[in-house]
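Single-letter residue listing:
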Amino acid sequence: MRKLTILLILFFSLQTVHPQQIDKRDSLMKLLVRAKEDTGKAMLLLRLADYYETNNQDSSVYYLEKSKALSESLKFEKGLYHYYEQSAIVSFTKGDYGKAMEEQKSALALARELKDSSFVINTLNNIGIVYSYLGKFEEQLDYTLQVKNMVEAIKDSSKISGIYHNLANCYANLKQYRKSTDYALLSVQVHTRYNKRNDYINRVYATLGQNYEDLQIIDSALYYYDKAIKESVRLNDTYAEAAIYGYKSNLYANRNQFREMLKASERSLSLARELQSRQMLASSLYNVAYANFFNDNNAKARKEINEALLIATEDSLTDELKNSYIILSYIAAKDGDYATSLLAKIKSDSIQEAILNEQVIKSAAELENKYETEKKDNQIELQTATILKKNVLNYILIGSAITILIIFLLSYRTYKHKRKLQQQRINELETEKQLTATEAVLKGEEQERTRLAKDLHDGLGGMLSGIKYSFTTMKGNLIMTTENAHAFERSMDMLDSSIKEMRRVAHNMMPEALVKYGLDTALKDFCNDINQSGALKVTYQSIGMETAKIDQTTAITIYRIVQELISNTMKHATAKSAIVQLSKVDGPLNVTVEDDGKGFDTQILQRSKGIGWTNIQSRVDFLKGKLDVQSANGKGTSVHIEFNI
């Protein structure tokens, strides 16, 4: 069986709040007793939370919340940033990746508000790691490459070992194990040869162990797993140590070394209980149960897998629940309890195919109740069969019932799948129809804009310029009073203003830079124009757009989207500054528009009938893009759009 434990990447921290190893708990507690209610105490509480992060998460959460309360009362934004950053790490190690992402985005907003590039780099890096645990590996690589570019731009060599580590994890997730190994070895080399700090060097060794295992170089895998464990003990990183023993357990399982598998999994379980991480505890329990299954200790295996199922169900740990049911099916089959084995297999398949939401958890609970009822019925049936000396007819009936159940389930699944495909095809046809109509409207709109811009510039512009020339000629042939001369000059000024306004309108309708030089230059000019107007400070960022090839229709559509978003910011957000970012690095084109305005409740967008927002949504749909709006009252607005171009 492939690895059942969670892939160990965790957060490599670029922050400065982490204490050195010489900071002991007792000395920190003594400092805390004497500390005043100021920012120094808030940072001291964070150091205590960091001390407990990898060995006692309940204590870590306690000190984090105390630090948050003090930072809020002092309006200490730097302390709040560190609170969200460290709290996200705790949520991450508990397996709550949704909460970890929310907390990292709060940290990112504060980092940008503080204008601290180191904080921004750290938070972007961690967001990329959370994306990896959400299964969005391309997004993870995109964020990590952004971090690498930013670090190289500011020439901060102290972070390079950690960056190579994260790139190794990115490529491992994309199953490019040799490339991952190269970056992991670079991380170790920078850390050891050039003495560059990496507080998570043990996890770099763990990544190397995983890569060599996937490449079937087992001796190297075990060597690096042992180095990772040794470093984890030195760093007091209990979470990493428990996970790495889990990796060794799976490696031994794949090589049929079941006694070594049992030793490693039991050590992982012992550390998980000490750590008080329920996600790690559930993972370790089903590893130990699996090891006992292979070592012919089914009674103990059944007890441990039931404990794992209980924890996974209570905490909605979907992966652990699925894996526990798979192992339960093996254990039950070995005991001759085929009904339980079949039901457990059905449950694991159901969880595999379902979406991770409350309905899945509720369905799993209902299946659990049904399992308990059927378990009792089967026990009665087995007892009856024993009394009747296991009558052959009963076996035939039971076998037939199971066969019919399997056929029924497979038939029903096939029927549902066909219905789903038919509905999907209908939806695709409707979407194509809508996109065709939208394309016609957008093309017509841009053609009309182009025509009007040309008519204004060539027609009305030419006429106004001719009138100005005639007036200038006329002035030289007329004798006017002083008063009439002043009136004539004012009229000429008004005529110049009209010509400039006409040219500005024509430019907005179809920017010349967009047609001649492309999207990147046009948006840069647009942002500069907004800056010069003084209405809003707009920062334009471009990543990988120099070599991007974008057709004119797509470029015009994206330009209009950004234009409308900035217009909405100036009209409604009461913002002082905004950021427009375009990036295209070996994948989709990403467009991000953020502001520091007053924000709003994003639920109102579902009811919005405004022309501006409708135009934005139509254009995004036309390019088959993915639109994500993040905002809250008082926290600004972030709009992220992804186009597969």
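Here's what I pulled together on the structure shown here. (Residues numbered from 1 in each chain as written. Predicted model: local features only at pLDDT ≥ 70, side-chain atom pairs only at ≥ 80, totals over all residues. Heavy atoms only, no water.)

## A closer look at the environment of Ala291
Part 1 of the reasoning: With respect to the helices, strands and loops of the structure, Ala291 is situated in helix H14 (residues 278-294).
Part 2 of the reasoning: We classify Ala291 as buried; its relative accessible area is 0%.
Part 3 of the reasoning: Once the C-alpha coordinates of Ala291 and Glu266 are considered, the two residues, 25 residues apart in sequence, prove to be 9.0 Å apart.
Part 4 of the reasoning: If near-sequence neighbours (up to four positions away) are discounted, Ala291 is found in contact with Met261, Leu262 and Ser265. (Helix = DSSP H or I, 4+ residues; strand = E, 2+ residues; numbered from the N terminus. Buried < 20%, exposed > 50% of the residue type's maximum accessible area, 1.4 Å probe, protein only. Contact = heavy atoms within 4.5 Å.)

## What about the sheet that holds strand E1 (residues 537-543)?
Part 1 of the reasoning: Spatial strand order, E1-E2-E3-E5-E4: five strands in an open sheet with mixed pairing. At either end of the open sheet lies a strand with only one pairing partner, and these are E1 and strand E4 (626-631). For this sheet the average axis-to-axis angle between neighbouring strands, irrespective of direction, equals 10 degrees. (Pairing = 2+ DSSP bridges. Axes fitted to C-alpha atoms, helices over the stretch in contact; angles between N-to-C directions.)

## Structural notes on the packing of helix H10 (residues 201-214) against helix H12 (residues 238-254)
Part 1 of the reasoning: The interhelical angle for the contact between H10 and H12, taken along N-to-C directions, is 15 degrees, at an axis separation of 11 Å. Taken as axis vectors, H10 and H12 run roughly parallel relative to one another. Handedness of the crossing formed by H10 with H12: left-handed. For the pair H10 and H12, contact is made by Asn202, Arg203, Ala206, Gln210 and Glu213 and by Ala240, Ile244, Tyr247, Asn250, Leu251 and Asn254, respectively.
Part 2 of the reasoning: In terms of residue class, the contact of H10 with H12 is built from five nonpolar, four polar and two charged. (Parallel < 35°, antiparallel > 145°, perpendicular 65-115°, else oblique. Left-handed = near helix turned anticlockwise from the far one by under 90°. Nonpolar A, V, L, I, M, F, W, Y, C, P; charged D, E, K, R; others polar.)

## Some details on unusual backbone geometry
Residues apart from glycine generally show negative phi values, whereas peptide bonds are mostly found in trans.
Part 1 of the reasoning: Positive phi values are uncommon outside glycine, yet Lys75 reaches one of about 55 degrees.
Part 2 of the reasoning: Following the sequence through the fold, Lys75 ends up in the loop between helix H3 (57-74) and helix H4 (77-93).

## Quick look at the packing of aromatic side chains
Part 1 of the reasoning: Overall, the coordinates contain 23 aromatic pairs when judged by the stated rule.
Part 2 of the reasoning: Arranged with centres 5.5 Å apart and planes meeting at 40 degrees, the rings of Tyr131 and Tyr143 form a pair that is tilted. On the criterion of sequence distance, the pair formed by Tyr131 in helix H6 (residues 117-133) and Tyr143 in helix H7 (residues 137-154) is long-range, its members being 12 residues apart.
Part 3 of the reasoning: Judged by centre distance (6.2 Å) and plane angle (10 degrees), the rings of Tyr290 and Phe293 are stacked. Of this pair, Tyr290 and Phe293 both sit in helix H14, separated by three residues, roughly a single helical turn. For the residue pair Tyr290 and Phe293, the accessibility class agrees, reading buried in each case.
Part 4 of the reasoning: Aromatic rings pair up to connect Phe258, Tyr290, Phe293, Phe294 and Tyr330 into one cluster.
Part 5 of the reasoning: Seen from the ring of Tyr205, Lys227 lies directly overhead, with NZ or CZ sitting 4.9 Å from the centre. (Phe/Tyr/Trp six-rings, centres within 6.5 Å; stacked < 30°, edge-to-face > 60°. Lys NZ or Arg CZ within 6 Å of the ring centre and 35° of its normal.)

That's the geometry; what it means functionally is another story.
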